[in-house]
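The primary structure of each chain is shown beneath.
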Amino acid sequence: MSRRVFVVGAGLAGLAAAVQAQRRGARVVLYEAAPYAGGRSRSYFDARLGITVDNGSHLLLSGNHSTLAYLRAIGSADSLTGPTHSEYPFFDAQSGAAWTVRMSPGRVPRWIFDADARVPATQPADYLALLPLFFAKPGRTVEQTLHARGRVWNLLARPLLRTMLNADPADASATLAANLLRETLAAGGQACRPLVAKNGLAHAFVEPALRLLQYGGADIRLGARITGIGYSGTDSKERVSSLAFEHAGDPVAIDPGDGVVLAVTPDAARRLVPDVAAPDEFHAIVTVHFAVDVPIAFVGSERMTFFVNGAADWLYATDGRLTAVIADANRLLGTPHEEIAASVWQEIAKAVRMPGAPTPPWQVVVEERATFAAVPSQEGLRAATRTRWPNFTLAGDWTATGLPATIEGAIRSGQKAADALMNPSMER
């Protein structure tokens with residue numbers, strides 16, 4: 001009889017763990033406290049706009065190999081869209097200037113020698129200022145590591161790092177930034193192509209995974225909030241022996257040979273697991289959806305635009321909708337939503353060449369705890385995948401993935417947590 005793997009939490013980390021465990025032959029039982037799966041990467045119908053929107057738009061890169069493997073596994077490999085080449089359109093909200101950075105496909109950055117491909121009014125030597133980041137010392141911020149300033153920093157590196165880290169580079173961990181760049185920029189333009197879920201996060205990441213799990217016989221229990229974890233045994237024989245759920249009667253027994261993946265929030269992990277380390281500082285992301293037809297001129301790679309000197313950080317256009325994302329948005333948590341929408345629309349209107357008034361129908365979505373703060377002080381609070389209980393692992397973008405809190409980090413953590421359980425060393 002195949003072993004059972006109990007996965008607690010059906011965000012992307014939990015879904016990835018469940019899919020990986022099932023693919024490796026386990027019988028999966030998946031629990032989720034909410035009445036829906038997806039966690040922070042969910043989609044829902046917004047009655048105000050009359051369309052389905054994501055809780056927050058996420059930028060992916062073609063070098064996110066764990067994410068792409070997950071999408072292939074659940075039959076959703078065609079759910080992402082983006083430019084066919086590694087192109088990054090930019091718009092300066094203050095000056096109105098627009099340009100596109102076009103990275104060459106190979107590891108050798110030939111694009112910096114092409115005046116039409118690099119940041120305007122820069123020289124190839126200017127990009128050498130970014131090299132110290134790849135040799136960053138632990139505990140230092142990006143700005144402490146990169147002392148040089150100039151157009152490459154202001155018009156390329158800073159806005160992209162801010163978007164990908166969800167933190168201002170003045171505070172962000174240089175180690176996390178370096179790890180991210182090693183897997184993308186250093187791997188060449190073929191690993192840097194920006195991607196988004198063309199029909200929404202649920203359609204790409206959640207619904208296909210649930211269908212696959214159900215088809216494979218997984219037991220999926222939504223609305224099941226975990227309240228406690230039972231431990232038994234001593235020393236090397238200690239293990240997780242039960243899981244308790246709200247309104248569920250007796251705890252669920254975890255038999256010898258079974259495994260448990262806990263893929264919950266850092267706060268929940270601290271409550272449930274003795275002496276676990278977990279981040280305790282978080283950054284918000286604000287997403288503004290506008291129900292508006294996109295001008296025909298705003299097509300191709302320009303459907304995705306990154307902003308400098310503006311309120312928004314990046315913009316994505318799809319049929320009948322424009323979506324703007326504001327990273328590191330704690331400063332906006334007390335700001336009226338209509339004020340946020342109006343200020344963002346003024347910038348977007350300039351970028352897509354539309355009238356600034358009236359503001360089209362909008363919806364502001366605020367995720368107050370979108371990511372753990374990608375700052376040096378939080379790095380030491382990220383828990384490892386394995387725990388001292390051999391049948392119990394942790395998953396989540398907040399665990400020690402080496403990456404900031406991204407979809408790639410979440411999925412990678414879930415796959416790693418499942419693999420650790422399916423390893424025969426679990427039965428020690």
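Residues numbered from 1 in each chain as written. Predicted model: local features only at pLDDT ≥ 70, side-chain atom pairs only at ≥ 80, totals over all residues. Heavy atoms only, no water.

### With respect to the overall build of the protein
And then number 1: Within the protein one finds 10 helices and 20 strands.
And then number 2: For the protein, whose C-alpha radius of gyration is 22 Å, the value lies close to the compact-globule estimate of 22 Å for 428 residues.
And then number 3: With respect to the principal axes defined by its C-alpha atoms, the protein has extents near 65 × 50 × 40 Å.
And then number 4: Taken over 428 residues, the protein has a buried fraction of 57%.
And then number 5: Pairs at least 24 residues apart make up 68% of the contacts formed inside the protein by residues separated by at least 6 positions.
And then number 6: If you average the places of the 41 positive and of the 40 negative side-chain charges in the protein, the two averages end up 6 Å apart. (Helix = DSSP H or I, 4+ residues; strand = E, 2+ residues; numbered from the N terminus. Rg over C-alpha atoms; globule rule 2.2 N^0.38 Å. Buried < 20%, exposed > 50% of the residue type's maximum accessible area, 1.4 Å probe, protein only. Contact = heavy atoms within 4.5 Å. Lys, Arg positive; Asp, Glu negative; His and termini not counted. Charge placed at Lys NZ, Arg CZ, Asp CG, Glu CD.)

### A closer look at the layout of surface pockets
If a probe as big as a water molecule is rolled over the atoms, it shows which places are left empty.
And then number 1: By volume, the second largest pocket is sized at about 550 Å³.
And then number 2: Contributing to the lining of the second largest pocket are 29 residues, with W111, L130, F134, L185 and A186 lying nearest its centre.
And then number 3: In terms of residue count, the dominant contributor to the lining of the second largest pocket is helix 4 (residues 151-165) (five residues).
And then number 4: Per-class residue counts for the lining of the second largest pocket are 23 nonpolar, five polar and one charged. (1 Å grid on protein atoms, 1.4 Å probe; cavity = no way out; pocket = protein on both sides within 12 Å on 5 of 7 lines; lining within 4 Å. Points joined across faces, edges and corners; volume = space filled by probe spheres on them. Nonpolar A, V, L, I, M, F, W, Y, C, P; charged D, E, K, R; others polar.)

### Some thoughts on the side chain of E408
And then number 1: When you line up the elements, E408 lands in helix 10 (residues 407-422).
And then number 2: Among residues more than four places away in sequence, those in contact with E408 are N64, H65, S66, T67 and L403.

### A look at the sheet that holds strand 17 (residues 314-318)
Two pairing modes exist for strands in a sheet, parallel and antiparallel, and in both the strands are linked by backbone hydrogen bonds.
And then number 1: Taking strand neighbours across the sheet as the criterion, the seven strands line up as 8-7-16-17-18-15-19 in an open arrangement whose pairing is mixed. Of all strands in the sheet, those bounded by a partner on one side alone are strand 8 (98-102) and strand 19 (362-372). Pairs of neighbouring strands in the sheet enclose a mean axial angle of 25 degrees, with direction left out of account.
And then number 2: By the bridge criterion, five bridges tie strand 17 to strand 18 (residues 321-326) in an arrangement that is antiparallel. Within the sheet, the bridge partner assigned to A317 lies in strand 18 and is L322.
And then number 3: Along the sheet face, helix 4 touches strand 7 (87-92), strand 8, strand 16 (304-308) and strand 17 and points at about 105 degrees away from the line of strand 7. (Pairing = 2+ DSSP bridges. Axes fitted to C-alpha atoms, helices over the stretch in contact; angles between N-to-C directions.)

### Quick notes on the pattern of salt bridges
And then number 1: Going through the model one piece at a time under the given rule, you end up with 16 salt bridges.
And then number 2: When the shortest N-O distance is used, the salt bridge between R24 and D419 registers 3.1 Å. Taken as a pair, R24 in the loop between helix 1 (12-23) and strand 2 (27-32) and D419 in helix 10 lie far apart in primary sequence, 395 residues in all.
And then number 3: Taking the relative accessible area as the measure of exposure, R24 reaches 41% and is therefore partly exposed.
And then number 4: D419 sits in the partly exposed class, given a relative accessible area of 27%.
And then number 5: Here E379 ties to R382 by a salt bridge, and the two come within 2.9 Å at their closest N and O atoms.
And then number 6: Looking at R382, the relative accessible area reads 7%, which means it is buried.
And then number 7: In the salt-bridge network here, residues are joined through shared partners; they are R158, R162, D168, D313 and D328. (Salt bridge = Lys/Arg side-chain N within 4 Å of Asp/Glu carboxyl O.)

### Focus on helix 4
And then number 1: Its 15 residues give helix 4 an end-to-end C-alpha distance of 20 Å, which sits within 8% of 21 Å, the value for a rise of 1.5 Å per residue.
And then number 2: Its axis deflected by about 40 degrees at A157, helix 4 carries its strongest bend there, up to four residues before the proline P159.
And then number 3: Burial of helix 4 is extensive: 12 of the 15 residues sit out of reach of the surface.
And then number 4: Listed in full, the buried residues belonging to helix 4 are V152, W153, L155, L156, A157, P159, L160, L161, R162, T163, M164 and L165.
And then number 5: Immediately beyond the C-terminal end of helix 4, within one or two residues, lies N166, with a positive phi of roughly 55 degrees. (Expected span 1.5 Å × (residues − 1). Bend = angle between axes of the 7 residues up to and from the residue.)

### Here's the deal with the domain arrangement of the protein
And then number 1: Parsing the protein into structural domains produces domain 1 (4-35 + 222-280 + 375-422), domain 2 (49-82 + 282-372) and domain 3 (123-187).
And then number 2: Domain 1 puts 20 residues into the contact, and the matching count from domain 2 is 13 residues.
And then number 3: Between domain 1 and domain 2 lies a buried interface of about 1,400 Å² when both sides are counted; carbon and sulfur atoms form 68% of it.
And then number 4: The largest share of the area that domain 1 buries against domain 2 comes from A405, I407 and E408, three residues that together contribute 34% of it.
And then number 5: In this structure, D267 and R369 form a salt bridge, with 2.3 Å as the shortest nitrogen-oxygen distance.
And then number 6: Counting the contacts that link domain 1 with domain 2 gives five residue pairs in polar contact (both at pLDDT 80 or more).
And then number 7: Of all the secondary-structure elements, those providing two or more residues to the side of domain 1 that touches domain 2 are helix 1, helix 7 (266-272) and helix 10.
And then number 8: The greatest single-element share of the side of domain 1 that touches domain 2, amounting to five residues, is contributed by helix 10. (Domains from an automatic or database assignment. Buried area = accessible area lost by both parts, 1.4 Å probe. Polar contact = N/O pair within 3.5 Å; in protein donor to acceptor, adjacent residues only side chain to side chain.)

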